[in-house]
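A structural walkthrough
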Amino acid sequence: AAEGINAQWIRRDRNDFGDWIAVETVMSEADERYMAKLKFSSGAEIAHEVLQSGTFFPASEFLSNAASGDSVSALTVAQISASYGPGQAAFRAIN
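Residues numbered from 1 in each chain as written. Predicted model: local features only at pLDDT ≥ 70, side-chain atom pairs only at ≥ 80, totals over all residues. Heavy atoms only, no water.

**Remarks on the nonpolar core**
So the rule is basically this: Each nonpolar core is a collection of buried residues, namely Ala, Val, Leu, Ile, Met, Phe, Trp, Tyr and Cys, held together in the definition by side-chain atoms within 4.5 Å. Under the scheme applied here, a residue whose accessible area is under 20% of the maximum for its type counts as buried, over 50% as exposed, and between as partly exposed, the area being computed with a 1.4 Å probe on protein chains only. Put simply, DSSP marks the helices as runs of H or I at least four residues long and the strands as runs of E at least two long, and each gets a number from the N terminus on. Here a residue-residue contact requires only that any non-hydrogen atoms of the pair lie within 4.5 Å.
Trp9, Leu38, Phe40, Phe57 and Phe62 are the most contacted members of the largest nonpolar core, which totals 16 residues. Looking at this core, the elements that each hand over two or more residues are strand E1 (4–8), strand E2 (34–40), strand E3 (45–50) and strand E5 (72–81). In terms of residues, this core owes the most to one element, E2, which gives four residues. Those residues in contact with leucine 38 that sit more than four places away from it in its chain are Ile5, Ala44, Glu45, Ile46, Phe57, Phe62, Val72, Ala74, Leu75 and Ile94.

**Some remarks on the packing of aromatic side chains**
Operational definition: Pairs were defined over the aromatic rings of Phe, Tyr and Trp, the Trp ring being its six-membered one, requiring ring centres within 6.5 Å. Orientation was assigned from the angle between planes: stacked under 30 degrees, edge-to-face over 60, tilted for the rest.
Under the criterion given, the structure shown has two aromatic pairs. With a centroid separation of 5.4 Å and an interplanar angle of 70°, the aromatic rings of tryptophan 9 and tyrosine 34 are classed as edge-to-face. Pair noted here: tryptophan 9 is in the loop between E1 and E2 and tyrosine 34 is in strand E2, with a separation of 25 residues, a long-range link. Each ring, one from phenylalanine 40 and one from phenylalanine 62, has its centre 5.6 Å from the other, and the planes form 80°; the classification is edge-to-face. Highlighted residues: phenylalanine 40 in strand E2 and phenylalanine 62 in helix H1 (residues 59–65), separated in sequence by 22 residues. Residue phenylalanine 62 is classed as buried on the basis of its relative accessible area, which comes to 13%.

**Topic: the layout of surface pockets**
Vacant regions in the atomic arrangement are exposed by a probe of water-molecule size rolled over the atoms. How we decide: The way it works is a 1 Å grid over only the protein atoms, where trapped points that fit a 1.4 Å probe form a cavity and open points with protein on both sides within 12 Å along at least five of seven lines form a pocket, and then any residue with an atom within 4 Å of a point lines it. Grid points are joined across faces, edges and corners, and a volume is the space filled by probe spheres set on the points. Amino acids outside the nonpolar list (Ala, Val, Leu, Ile, Met, Phe, Trp, Tyr, Cys, Pro) and the charged list (Asp, Glu, Lys, Arg) are all regarded as polar, and Gly is one of them.
Approximately 290 Å³ is the volume attributed to the largest pocket. For the lining of the largest pocket, the elements supplying multiple residues, two or more each, are E5 and strand E7 (90–93). Among the elements that make up the lining of the largest pocket, the one with the highest residue count is E5 (five residues). Considered class by class, the residues forming the lining of the largest pocket number eight nonpolar, five polar and three charged.

**Brief notes about the pattern of salt bridges**
Put simply, the test is: Here a salt bridge means any side-chain nitrogen of Lys or Arg lying within 4 Å of a carboxyl oxygen belonging to Asp or Glu.
Taken as a whole, this structure holds three salt bridges when the rule is applied. Here arginine 33 and glutamate 49 are joined by a salt bridge, their closest N and O atoms 3.0 Å apart. With arginine 33 in the loop between E1 and E2 and glutamate 49 in strand E3, the pair connects residues that are 16 residues apart, well separated along the chain. By relative accessible area, arginine 33 is classed as partly exposed at 22%. The salt bridge partner of glutamate 45 is lysine 37, with a shortest N-O separation of 3.6 Å. The exposure class assigned to lysine 37 is partly exposed, which follows from its relative accessible area of 25%. Overlapping salt bridges bring together Lys37, Lys39 and Glu45 as one network.

**Thoughts on the side chain of glutamate 32**
Stated precisely, the cut-off is as follows: Polar contact criterion, stated in full: a pair of N or O atoms within 3.5 Å, where within protein one must be able to donate a hydrogen and the other to accept it, and residues adjacent in sequence count only if both atoms are side-chain atoms.
Along the polypeptide, glutamate 32 turns up in the loop between E1 and E2. A distance of 2.9 Å separates a polar atom in the side chain of glutamate 32 from a polar atom in the side chain of tyrosine 34. Discounting chain neighbours no more than four positions away, the residues touching glutamate 32 are Arg11, Val50, Leu51, Gln52 and Ser53.

Encoded structure:
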């Protein structure tokens, strides 16, 4: 992660809207919003609210938000609904 971490995910709708086999599905929300969090072993985290299915966490953010020698431990992504707020986050451990 010398330059940073590029995170991407496949968007899905929480209302069984569309075809699960398709690469992209029709969304039932007015806009597409996500909260992506990069978590560190110390408990620190960097959060990005984004309007697309991906974000980039530059290494410069690590230096200003994580302790010296801290390592990235996980990525979580939650869809943000105008009607329901943030949904349950998907979790991916990073070793």
